[in-house]
Amino acid sequence: MSFLNLQEISKSFGGFVAVDQFNLEVDKGEFVSLLGPSGCGKTTTLQMIAGFLDPSHGQIMVGGEDLTARPANQRNIGIVFQSYALFPHLTAAQNVAFGLEMRKATQGERQEKIDRALDLVHLSAFRDRYPKQLSGGQQQRVALARAIVIEPTILLLDEPMSNLDAKLREDMQLELRSIQEKLGITTILVTHDQNEAMALSDRIAVMNEGRIVQVGKPHEIYEDPANVFVSSFLGKNNLLAVEVEDISGSKASVRFNGQSLTVPCREGVTNKEAWLSIRPEKVQLTDKGSGLLEGQIKTRVFFGNHWLYQIETASGEFLVYSQNTAVPNTAPRDAVGLNWQADDARLLNMDAS
Amino acid sequence: MNKNGPLALVFHTLFIVFMVAPLAVVVWVAFTPLGYLQVPTTQWSLRWFYAIFENEGFIESFWLSLALGIASASLALACAVPAALALARYSFKARGFLVGLFLSPLVIPSVVLGIAFLRFLTQLNITGTFFGMALCHAVFVMPFVLRLALASITGMDRSAEQAAVSLGATHGTTFRRVTLPMILPGLVGGWVLAFITSFDELTVTIFISSPSTTTLPVRLFNHITQTTTPIVASISAVIIFLSVAAILILDRLYGLDRLLVGSKR
Ligand SMILES: Nc1ncnc2c1ncn2[C@@H]1O[C@H](COP(=O)(O)OP(=O)(O)OP(=O)(O)O)[C@@H](O)[C@H]1O
Ligand SMILES: [Mg+2]
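Residues numbered from 1 in each chain as written. Chains lettered and ligands numbered in written order. Predicted model: local features only at pLDDT ≥ 70, side-chain atom pairs only at ≥ 80, totals over all residues. Heavy atoms only, no water.

J.: Give a description of unusual backbone geometry that names residues and reports values.
T.: Residues and elements named next belong to chain A. You will see that His122, though not glycine, has its phi angle at about 60°, which is positive. Tracing the chain through its elements places His122 in the loop between helix 3 (107-120) and helix 4 (136-148). Within the chain, Asn257 stands out as a residue other than glycine whose phi angle is a positive 50°. Take Asn257: it is sitting in the loop between strand 12 (251-256) and strand 13 (259-264). On the basis of relative accessibility, which here comes to 49%, the residue Asn257 falls in the partly exposed class. (Helix = DSSP H or I, 4+ residues; strand = E, 2+ residues; numbered from the N terminus. Buried < 20%, exposed > 50% of the residue type's maximum accessible area, 1.4 Å probe, protein only.)

J.: Break down the pairing of strand 11 (residues 238-248) of chain A for me, with residues and values.
T.: Residue and element names in this part refer to chain A. Of the pairings in the sheet, the one linking strand 11 to strand 14 (residues 273-278) comprises six bridges and is antiparallel in character. Note on strand 14: the bridge partner recorded for Leu239 is Ser277. Between strand 11 and strand 12, which pair antiparallel and follow one another directly, the connecting turn spans two residues, one of which, Gly249, has a positive phi of 65°. (Pairing = 2+ DSSP bridges.)

J.: Give me the lowdown on the interface of chain A and chain B, citing residues and values where you can.
T.: How large an interface is tends to be reported as the accessible area lost when its parts come together. At the interface, 22 residues of chain A touch 18 residues of chain B. In total, chain A and chain B occlude about 1,800 Å² of area from one another, counting both sides; carbon and sulfur atoms represent 63% of this. Of all residues in chain A, Asn73, His89 and Phe98 of chain A bury the most surface against chain B, accounting for 29% of the area lost on that side. Where chain A meets chain B, there are one salt bridge. With a shortest N-O distance of 2.9 Å, Arg177 of chain B and Glu101 of chain A are connected by a salt bridge. Seen at the junction of chain A and chain B, the total is seven residue pairs in polar contact (both at pLDDT 80 or more). Only strand 6 (77-80) and helix 2 (92-102) of chain A provide two or more residues apiece to the side of chain A that touches chain B. (Contact = heavy atoms within 4.5 Å. Buried area = accessible area lost by both parts, 1.4 Å probe. Salt bridge = Lys/Arg side-chain N within 4 Å of Asp/Glu carboxyl O. Polar contact = N/O pair within 3.5 Å; in protein donor to acceptor, adjacent residues only side chain to side chain.)

J.: Explain the domain arrangement of chain A residue by residue, including any values.
T.: All names here are of chain A. Domain annotation of chain A identifies domain 1 (4-228) and domain 2 (236-349). One C-alpha centre belongs to domain 1, the other to domain 2, and the line joining them spans 38 Å. Among the residues domain 1 hides against domain 2, the three largest losses belong to Tyr222, Glu223 and Val228. Together they make up 63% of the total. The interface formed by domain 1 and domain 2 includes two salt bridges. When the shortest N-O distance is used, the salt bridge between Arg266 and Asp224 registers 3.4 Å. (Domains from an automatic or database assignment.)

J.: Give a detailed account of the pattern of salt bridges, specifying residues and quantitative values.
T.: Pairing between side chains of opposite charge can happen when the charged atoms of each approach one another. All names here are of chain A. In total, this model carries 21 salt bridges over all chains according to the counting rule given. Residue Glu151 is joined to Lys113 by a salt bridge in which the shortest nitrogen-to-oxygen separation is 3.7 Å. Taken together, the residues span a long stretch of sequence, with Glu151 in the loop between helix 4 and strand 7 (154-158) and Lys113 in helix 3 at a distance of 38 residues. One salt bridge connects Arg177 with Glu181, and the closest N-O pair in it is separated by 3.2 Å. Note that Arg177 and Glu181 are positioned in helix 5 (residues 166-183) at a spacing of four residues, about one turn of the helix. According to the relative accessible area criterion, Glu181 is exposed, its value standing at 53%. Salt bridges sharing partners connect three or more residues here, namely Glu109, Lys113 and Glu151.

J.: Requested: an account of the site of ligand 1, with residues and values cited.
T.: Residues and elements named next belong to chain A. Within the structure, ligand 1 sits among Phe13, Phe16, Ala18, Ser38, Gly39, Cys40, Gly41, Lys42, Thr43, Thr44, Glu159 and His192. Between ligand 1 and Gly39 there is a distance of 2.7 Å, counted from an oxygen atom to a backbone nitrogen or oxygen. Within the backbone of Gly41, a nitrogen or oxygen atom sits 3.0 Å from an oxygen atom of ligand 1. With the chains in place, 58% of the 630 Å² that ligand 1 exposes on its own is no longer accessible. (Near = heavy atom within 4 Å. Areas by Shrake-Rupley, 256 points an atom, 1.4 Å probe, with all protein chains shown as cover.)

Below is the structure:
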């Protein structure tokens, strides 16, 4: 039995359905991300779990209890907001103390827990500063300390990193994950940053237009996306239009450019026309005339640990990442061949379903 | 450093001169030893300052205006906060109408308001009472309080309230411990504007004051229509000093920008 259970929850605003029959089971201590484009209903879902919005339909179960009708202030759920939402008139320590005061904790117990929480986020030295005297990253950590000090059953994070610069974001992601593991707290993170979702989560729920499209471990959905939407949303993607000749079990033979290829195929691919999706890092550049596709290098960008190539082919533009091997052996306008392992390609329906 | 062109500089200088010069002249005149309004050049005296304390009528009126300002500003604030919360956070049919109603004292001519208030107080049989005057002044200063309260509530980050609720606070506690402190600067600013407006209101007050409830502006006005002793100048000077002191204290406590412009810290 899972710990947090969202059963068929929906939310409509007037006639507009923001969240549509959302089903998700989360285990105790698990870290799950809701990932999706802007406006797909992530925040709405989170607000329903927190109790700030009432679902139009469905139930929210936590530890076997029905929480759907319980007021937000009795749910014992910790939240970190995108804007941090610190209380500007209280110091860091007083911010952290707020939830403990509401729980009528004794003075001694309060002090001890505040110390421990601030210590956990490495802010003990800043306890008497007001939010405006703290940097963005420090404010964010106060917000985290304030949310976890009440020992919530669930921790909800709504795009907590989006106001941090890239370097700080990476540091905070690592720190957040280690704190979450240390406390073993069931966590739901809302984000539209696929790298953040993949780096932090045990599982990712990819959302689109109010619905869950796919749930799974990060590498599973990256390697085996359910459809073109998931494939394109989680990283880069080369799409090649192919003709499906035959499907037998989990293999399909497809035709493009006058050649046949046998590739892995999910259930549900039925149409004659389909996409063959190949990740840029799975494509190798070969000598002209020896690849599955032929093309010409349009641009070449150096990223330190890898090169990014944009290559013009008869079937459209291809993106290729190749490892930096110290010596660049190709140059713009070179004619090259493109090659990939048949097993690295995925066959997907043309429409996003 | 100086980004103003010469024309702008002239404009600002003239602007400030025209603002400050009358005040300076009034303060200057207050130090005359003579019995009529005259700018002293050779002789100085505190005679007209002492005269204030011998005139019980002015002292009484001062306290009345002070009390009236405090009472009406506080009453207006007490009504404006819940009103502003509702207006800022809910959209309902009568919203636009209510905003217009609360702000209408700004556009209705004072004479019309004065007559209306007088009629109203007579109907309720509370003409010439402090309570009646405070009620009228509260209506009159409402726009100032409401505007600043609305601005600070609209500008407030609501997720701070959600955070408080998620930490276990009831709605009442959330309002007291989070919302109120966060909008306080705007409320103080509104209160100060309301107090000042009430304290020196003349046109409306003339209609509703009685011999036993004569505010300071009304008494000064009455005084000038009969005689022109420099006591009006010395009283004005005292009020100017008190205002400057109050402004300095407020600036120290909250920062005037934050109070009156509503800028964020
Ligand atoms: N109170 C509301 N009234 C009407 N529509 C709303 C309301 N709240 C949200 N919506 C709509 O519901 C949809 C989902 O909103 P939500 O805030 O959950 O998106 P999101 O996935 O969090 O997006 P973002 O990444 O931009 O934060 C949006 O189209 C939004 O316009
Ligand atoms: Mg959102």
